[in-house]
Each structure stands twice: as structure tokens, then as C-alpha cells.
Amino acid sequence: MRSMIDFEMPLLVALQHSKSGLFSKFHFTCFEWITHGKLFRSNTFNLQNLCAAGTEEGPILLISKLSQSIVPVCLLCVHKTTVTDIAMSNQMNTFLSVSSDGLIAGWHCQDGSCCFSYENLLKPGDIKIVLSDTDTSVAWFWSKGFYASLIDLKSGVVLQNISFIGLSSFSLLKKYSNFQYRQNESNNSPNNSFSKQPLTAIMIGINSIRHYQVNETTNEFIFEKEENKEFDFNEKCIVTPYGIIRYRKNFFAIYLQNMPEPVYSDIIDEVDDDDMISFIDWKIQDSLLVCTFKGLFKIYKIKIVNYEKNNQQFLVENVTSFSCNDTCILTNPAFNRDIGYVIFA
């Protein structure tokens, strides 16, 4: 594990202004808005936002949205193969990345320096990151179709491996989310319900859904139950930090934990015959993003207006729509609610 640069010491930064087409040299795979530190906020850069963009070629490109354009800021070069995912750490001063060869890297948001990199911990594949809300020193890395591994980011040690052939979606559910209210609590007080509520995780496969409880001391998973899921070639089923979403063509439905019927569904009439929903993101509790391959975006403003025993009121307060003409979206969009931008390629 490599130690990071002491960001309190003075740094000499060399700048080169270039008009070459840096964006054209890369094929982007994923995006993540990050909380940038004081080097990028200094008078030299004076950036109001910063996004990390993964590439097929390996380098991560830090980019910023200015008033009239998106500009490259710097390259982060550790990965040698396709970057498959980037995640802003809950620690708020680092972000993580992983590539198809299994290499894991951590980056300091203050200056873009590499905090650590680990090789040979993960089998190659299309690997994604799931962060822990309770312990920033660990994270889950899961490969579509095969496995999930819990990694100690301080020591570079694999703490737990779970094999799941056909794994297609995986998430830890937010512990203190209003959307995860357990109806079998004897005390109706919401705060009491949250305090007793165990941290849970869900993995979705081709024809089954697995539920796990999380040991909050070791962060390891304890198997709870497995339920059958009817396979539908035309439907996609994903789990998010706030619930399960099923979608197809121009329709989606939201299911909350332990509730068999959807709490909300919508048919998007604006979707063309030759278009369909390609991606749904629900990482922000009150904002759900839906987009299609041809660049139609809808942002649903969500609110829980009431929750009682046997009665959870799920309300969509507002729906904002916008579109990008002549677009074919090939990556998962990254939504920044604070500045009101969605970035994709």
C-alpha cells in the first residue's frame, strides 16, 4: 500500500494549455462526480465541480463542467485495462476505482494522487463497487455473473467471498432510509424501528433474489433467505440502496423491501418505438433518474409523506423531463443534483 502525498505541504503545479482533442483519444466507460479538494479549488484551477471519467484505455480523466463546455483537468494513470467502475467514498476525501483486470485503486480528492493500489485480489470481469455506510475502510467489489468480494482497503485483504452464478445486481440497503421500514416492530416509533433495524443487502440473479444481514462488527454477510424470481427476457431487475426496480421498454415499477406489490410505477409515453429505458439510478434518496438509449431523461422527485404500521405513503412530488437529440447513450449517466447536471457518453 502506497502512502498518499501530505496535502498540507506546498505543491508546485506545472500547467500546459493545449487545444488538442484529448477527449477523442479515449472511449469512456463510467462517470462519478467527486468532492474535489483544495488544489482544484485554488486560484490556479478555480473549479466549481469535478467528475472522474473511466476509460477503456485505462487512465481516469478528471473533467470539469464550466459555463459553456466540459474541459479536461488531469489524467490519473494506474489502471492498464478498462475502468469498469468509480465510486466516491463515504469518507468524502477519497474515491475508488476498479478495472477489468481486478486492480483496485484509491485516489485522494485533494490533489488526485493515488492513495493505494491492489492487484490480484479479484478475478477479472465486469466489476462494480458497493460502498459500506458503516465502515469506510472496507468495500464490496462484485463481478457481473460470478461473485462478490469484501475487501479491506487498508490492508488489501479479502475478508469474504460469495459466489453467485448469474449475479446481475447487488446493493446494500440504506439503514436509516424511510423506505426500509419494517412492519413487524412492536413499537410504532420510527426512530425506534430504525435503531433496531439490521443492515441488509440484496443480490439479484437470473432467477433468484438473495437476502443477507450484515454483521456490523466484521462487515461480513450472513445469509438470510433466497426467493425465486421469474425469469423474463424482456425485463431487467435491479436493486438500489432504497429498493428494487423492475423495468422494460417504457415501463418501470418500484418495490420496497418486504413489500410484494409495487409502491409506484410509471409508463413513459415519450419513449419512441425504437427506444427503451437503458438505465435507472436511485443513489440519492429523494431523486430517481431514468434515461433511455436515445437520450430521454426523467428525474422523479420522491418523498415519504407518512409511514405507519402497515401503511407507507410513497409520493412522487415532481417529474422533470429533458432530452438530448441525436444521442445514443453507451455509458451509465452520473447525476449531480447540486449543480443540476447529468454527464454521459
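First, a word on scope: everything that follows refers to the structure included in this document. Please read these numbers as outputs of a predicted model, since none were measured by experiment. (Residues numbered from 1 in each chain as written. Predicted model: local features only at pLDDT ≥ 70, side-chain atom pairs only at ≥ 80, totals over all residues. Heavy atoms only, no water.)

Overview of the sheet that holds strand β17 (residues 236–240)
The antiparallel open sheet is built from four strands, whose spatial order is β17-β18-β19-β20. Edge positions in the open sheet fall to β17 and β20 (264–267), since each of these has one partner strand only. Mean inter-strand twist for the sheet, computed between neighbouring axes without regard to direction, equals 15 degrees. Judged from the five bridges that link them, β17 and strand β18 (residues 243–248) form a sheet pairing that is antiparallel. Each residue of the ladder has a partner; that of Ile238, found in β18, is Ile245. (Pairing = 2+ DSSP bridges. Helix = DSSP H or I, 4+ residues; strand = E, 2+ residues; numbered from the N terminus. Axes fitted to C-alpha atoms, helices over the stretch in contact; angles between N-to-C directions.)

Here's the deal with the sheet that holds strand β14 (residues 200–204)
The four strands lie next to each other as β13-β14-β15-β16, forming an open sheet whose pairing is antiparallel. Each edge of the sheet is formed by a strand with only one pairing partner; in this case those strands are β13 (169–172) and β16 (221–228). Along the sheet, successive strands turn relative to each other by an average axial angle of 15 degrees, direction set aside. Summarising the sheet, β13 and β14 pair through four bridges and their orientation is antiparallel. For Ser171, the partnering residue across the bridge sits in β14 and is Ile202.

A few points about the environment of Phe26
Mapped onto the secondary structure, Phe26 falls in the segment before β1 (28–34). Given a relative accessible area of 13%, Phe26 falls into the buried group. The contact partners of Phe26, leaving out residues within four places of it in the chain, are Thr55, Glu57, Pro59 and Leu75. (Buried < 20%, exposed > 50% of the residue type's maximum accessible area, 1.4 Å probe, protein only. Contact = heavy atoms within 4.5 Å.)

A few points about the environment of Val130
For Val130, the location among the structural elements is in strand β9 (residues 127–131). Residue Val130 is classed as buried on the basis of its relative accessible area, which comes to 9%. Not counting residues up to four positions away in its chain, the partners in contact with Val130 are Ala139, Trp140, Trp142, Phe170, Ser171 and Leu172.

Focus on the side chain of Ser149
Inspection of the secondary structure puts Ser149 in strand β11 (residues 147–152). Within the structure, the side chain of Ser149 is placed 2.3 Å from the side chain of Asn161, a separation counted as a polar contact. The contacts of Ser149, once residues within four sequence positions are left out, are Leu122, Ala139, Trp140, Phe141, Val158, Gln160 and Asn161. (Polar contact = N/O pair within 3.5 Å; in protein donor to acceptor, adjacent residues only side chain to side chain.)

Purely spatial values, then, with no claim about function.
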